[in-house]
Amino acid sequence: MTTSPALDLAEAQKRLLGRISPLGSERLPLSDALGRYLAEPVMAVRTQPPADLSAMDGYAMRAGDFVGPWNVVGESAAGHPYLGELAMGETIRISTGALLPRKAGAILLQEDADRRGDTLSTLNGEVATARHIRRAGFDFEDGDTLLSNGHLLNAQRIALIMAGGLSQVAVHHLPKIAIMETGDELSADPGNCTKHQIPASNGTMIAALARPLTSQIDLIGPVADDPAALSEALGKVEDVDILVTCGGASVGDHDLVRPALEAWGAKIDFWRVAIKPGKPIMVARRGRQLILGLPGNPVSGYVTAFLFLLPVLRAMAGAKQCLPQSVMMPLRGKMPVGGQRLELQRGRLVNGHAEPLHQQDSSALAALSQSDLLILGPRHGPARTSGAMVECYQLQNGGIA
Ligand SMILES: Nc1nc2c(c(=O)[nH]1)N[C@H]1C(S)=C(S)[C@@H](COP(=O)(O)OP(=O)(O)OC[C@H]3O[C@@H](n4cnc5c(N)ncnc54)[C@H](O)[C@@H]3O)O[C@H]1N2
Ligand code: MOO
């Protein structure tokens, strides 16, 4: 067990992620791959668009034949191409997404066209133009790399892969985790708490955060502050990739989690990171299993799950980008002089400004629930007032857009 000073946040995250490898992979139909990370690059097996198309509803004519009038000789609708070849002075009706006929090279918008029978002329001095043509392969070509591995499959990437001609992808497995809540004061039933009890809310909160990045979540507890109870509970988590404990991470007489984990065979990697809230976070390993000991205070648990658990889940799931990305925003309000720990103040996003909430207690769930941001107050940094640019993590999507 280390008694060395608390680690810096970036150093602790680097140390944690440096020892994680992605899980194995499987091939899935695209319809089941949402939220997974690519295990292989994806190459297009077709060209998009496959031929020159019209981007607008209107009329197609030869390149250079911009002014008219023209003779309307046919139609190309989406899925029903015109098979002939256009001569100068000829035009066809064309719809958005329809193939251009041979020799066509300009489009006149429907709004700019005056059609009388089969004779077409322009309105208001407008002319036909090549601007409304989508050229074959401008989006991608057969053989192009559409996405490299490590990309998250979101709605738009699933559409891209499908348009590329593929119906399956290789993705990494998602980790299995267990979340164990500990503490004699915790009640599993929020509607049935005595004066000395509070509802056990951290496990459900962390499960909700982790859900999109996991294949299985076992919620265990609340487990009593008792070595035998902890040991029995730990016996149930042999199969998971990650064990998350909530509470009992500090220095109190009833903080029994660390000794129980050590008795179970876990080796502590590090304990304490210089962040506020969340300082007593602990990282340990037991064989291939990773253990994250999160502090019990609800806000501390949330912040450490955001900064450590989500990045670890992404790394196991094969993500290229694991850490949340910060953005700079103008401050509205005040930030105090920085202390020994990096502060992660809960704040709201108000008209493009980062506004710290008044209530910054690490147990305050009402304030946490109003937060959109973590506003960073660097260690030993200066006090800041409205207008100063501050670094922030957006809480939505785990800080990763
Ligand atoms: N003398 C010191 N005391 C404390 C220190 C310290 O350095 N020296 N660190 C403080 C900090 S910082 C934190 S954070 C807390 C973390 O303590 P623990 O991880 O040991 O958490 P507990 O004592 O078990 O609980 C703290 C608080 O959170 C509530 N809690 C716990 N689990 C849950 C849960 N599953 N759902 C909802 N609420 C939960 C618990 O009732 C306590 O109120 O230690 C400080 N103390
Ligand atoms: O770090 Mo504790 O999380 O300050 O309350």
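Residues numbered from 1 in each chain as written. Chains lettered and ligands numbered in written order. Predicted model: local features only at pLDDT ≥ 70, side-chain atom pairs only at ≥ 80, totals over all residues. Heavy atoms only, no water.

Q: Residue-level account of the overall build of the chain, with values.
A: Broken down by element type, the chain carries seven helices and 26 strands. Taken against the 2.2 N^0.38 rule, which gives 21 Å for 401 residues, the C-alpha radius of gyration of the chain at 30 Å runs more than 25% over that of a compact globule. With the principal axes as the frame, the chain shows a C-alpha extent of 90 × 50 × 40 Å. Put simply, the chain has 401 residues, and 47% of those count as buried. Put simply, 69% of the contacts in the chain that link residues at least 6 apart link residues at least 24 apart. With the model as given, the accessible surface of the chain reaches about 19000 Å², and the carbon-plus-sulfur share is 51%. Across the chain, the 37 positively charged side chains and the 40 negatively charged ones have centroids separated by 5 Å. (Helix = DSSP H or I, 4+ residues; strand = E, 2+ residues; numbered from the N terminus. Rg over C-alpha atoms; globule rule 2.2 N^0.38 Å. Buried < 20%, exposed > 50% of the residue type's maximum accessible area, 1.4 Å probe, protein only. Contact = heavy atoms within 4.5 Å. Areas by Shrake-Rupley, 256 points an atom, 1.4 Å probe, with all protein chains shown as cover. Lys, Arg positive; Asp, Glu negative; His and termini not counted. Charge placed at Lys NZ, Arg CZ, Asp CG, Glu CD.)

Q: Break down the domain arrangement of the chain for me, with residues and values.
A: Looking at the assigned domains, one finds that the chain contains domain 1 (9–24 + 173–317), domain 2 (26–48 + 141–172), domain 3 (53–134) and domain 4 (326–398). Centre-to-centre, using C-alpha coordinates, domain 1 lies 25 Å away from domain 4. Counting from both sides, the interface comprises 18 residues of domain 1 and, opposite them, 19 residues of domain 4. Both faces combined, the contact of domain 1 with domain 4 buries some 1600 Å², and carbon together with sulfur accounts for 70% of it. (Domains from an automatic or database assignment. Buried area = accessible area lost by both parts, 1.4 Å probe.)

Q: Before we move on, could you go through the packing of aromatic side chains and cite the residues and values that matter?
A: Overall, the coordinates contain one aromatic pair when judged by the stated rule. Aromatic pair Phe-306 and Tyr-393: ring centres 6.0 Å apart, planes at 55 degrees, arrangement tilted. With Phe-306 in helix H6 (residues 298–316) and Tyr-393 in strand E26 (residues 389–394), this pair connects stretches of sequence that are 87 residues apart. A relative accessible area of 9% places Tyr-393 in the buried class. For the cation-ring pair, Arg-286 lies above Trp-264, with the distance from its terminal atom to the ring centre recorded as 4.0 Å. (Phe/Tyr/Trp six-rings, centres within 6.5 Å; stacked < 30°, edge-to-face > 60°. Lys NZ or Arg CZ within 6 Å of the ring centre and 35° of its normal.)

Q: Can you lay out the site of ligand 2 for me, pointing to particular residues and giving the numbers?
A: By nearness alone, every residue bordering ligand 2 is listed as Pro-277, Gly-278, Lys-279, Pro-280, Asn-297, Ser-300, Arg-341 and Ser-362. Separating an oxygen atom of ligand 2 from a backbone N or O atom of Gly-278 is a distance of 2.6 Å. Measuring from an oxygen atom of ligand 2, one finds a side-chain N or O atom of Ser-362 at 2.5 Å. Each residue belonging to the shell around ligand 2 can be placed in one class, and the counts come to two nonpolar, four polar and two charged. (Near = heavy atom within 4 Å. Polar contact = N/O pair within 3.5 Å; in protein donor to acceptor, adjacent residues only side chain to side chain. Nonpolar A, V, L, I, M, F, W, Y, C, P; charged D, E, K, R; others polar.)

Q: Which residues make up the pattern of salt bridges, and what are the values?
A: Inspection of every chain in the model, using the stated rule, returns 16 salt bridges. Between Arg-288 and Asp-241 there is a salt bridge, with the nearest N and O atoms lying 2.8 Å from each other. Of the two residues, Arg-288 is situated in the loop between strand E20 (282–286) and strand E21 (289–294) and Asp-241 in the loop between helix H4 (227–234) and strand E17 (242–246); the sequence distance between them amounts to 47 residues. In the salt-bridge network here, residues are joined through shared partners; they are Arg-15, Arg-19, Asp-269 and Arg-285. (Salt bridge = Lys/Arg side-chain N within 4 Å of Asp/Glu carboxyl O.)

Q: Could you give me a rundown of the sheet that holds E17, with the residues and numbers involved?
A: The sheet built from six strands is open, its strands ordered E16-E13-E17-E21-E20-E18 with mixed pairing. The sheet is open, and its two edges are formed by strand E16 (216–223) and strand E18 (267–271), each paired on a single side. The mean angle between the axes of side-by-side strands here comes to 20 degrees, regardless of whether they run parallel or antiparallel. Inspection of the sheet shows E17 paired to E21 by five bridges, in the parallel sense. Following the sheet pairing, Ile-242 is matched in E21 by Leu-290. Relative to the sheet, helix H1 (residues 9–17) contacts E18, E20 and E21, its axis offset from that of E18 by approximately 155 degrees. Packed onto the sheet, helix H3 (residues 202–210) meets strand E13 (176–182), E16, E17 and E21 and runs at close to 160 degrees relative to E13. (Pairing = 2+ DSSP bridges. Axes fitted to C-alpha atoms, helices over the stretch in contact; angles between N-to-C directions.)

Q: Let's hear about the nonpolar core: which residues, and what values?
A: Soluble globular proteins: nonpolar side chains tend toward being buried together. Within the largest apolar cluster, 51 residues are counted, with the highest numbers of intra-cluster contacts made by Ile-206, Ile-242, Leu-290, Leu-307, Phe-308 and Leu-309. Within the residue set of this core, elements represented by two or more residues are H1, E13, H3, E17, E21, H6, strand E23 (342–350) and strand E25 (373–377). Each of two domains, domain 1 (9–24 + 173–317) and domain 4 (326–398), supplies a minimum of three residues to this core. Counting 21 residues, the second-largest nonpolar core is a separate cluster that includes Ile-220, Leu-230, Ala-233 and Ile-291. (Core = buried A, V, L, I, M, F, W, Y, C linked by side-chain atoms within 4.5 Å.)

Q: Got a sec to walk through the site of ligand 1? Specific residues and values, please.
A: Not every one of the 20 residues close to ligand 1 is listed here, only the nearest: Glu-181, Glu-185, Ala-249, Ser-250 and Gly-296. Interatomic distance of 3.1 Å between a backbone N/O atom of Asn-202 and a nitrogen atom of ligand 1. Burial of ligand 1 by the surrounding chains reaches 67%, relative to a free accessible area of 870 Å². When contributions to the shell around ligand 1 are tallied by element, the ones reaching two or more residues are strand E15 (198–199) and H6. The residue inventory of the shell around ligand 1, partitioned by class, reads nine nonpolar, eight polar and three charged.

Q: Account for H3, naming residues and giving values.
A: Of all nine residues in H3, seven are buried, a share of seventy percent or more. Buried within H3 are the following residues: Asn-202, Gly-203, Met-205, Ile-206, Ala-207, Leu-209 and Ala-210. Tucked inside the fold, the buried residues of H3 contact E13, E16, E17, E21, H6 and helix H7 (365–369).

Q: Residue-level account of the confidence of the model for the chain, with values.
A: Of the residues in the chain, 98% reach a pLDDT of 70 or more, and the chain-wide mean stands at 95. Interface predicted TM-score (ipTM) for the complex: 0.97; the corresponding pTM is 0.92. (pLDDT = per-residue confidence, 0-100.)

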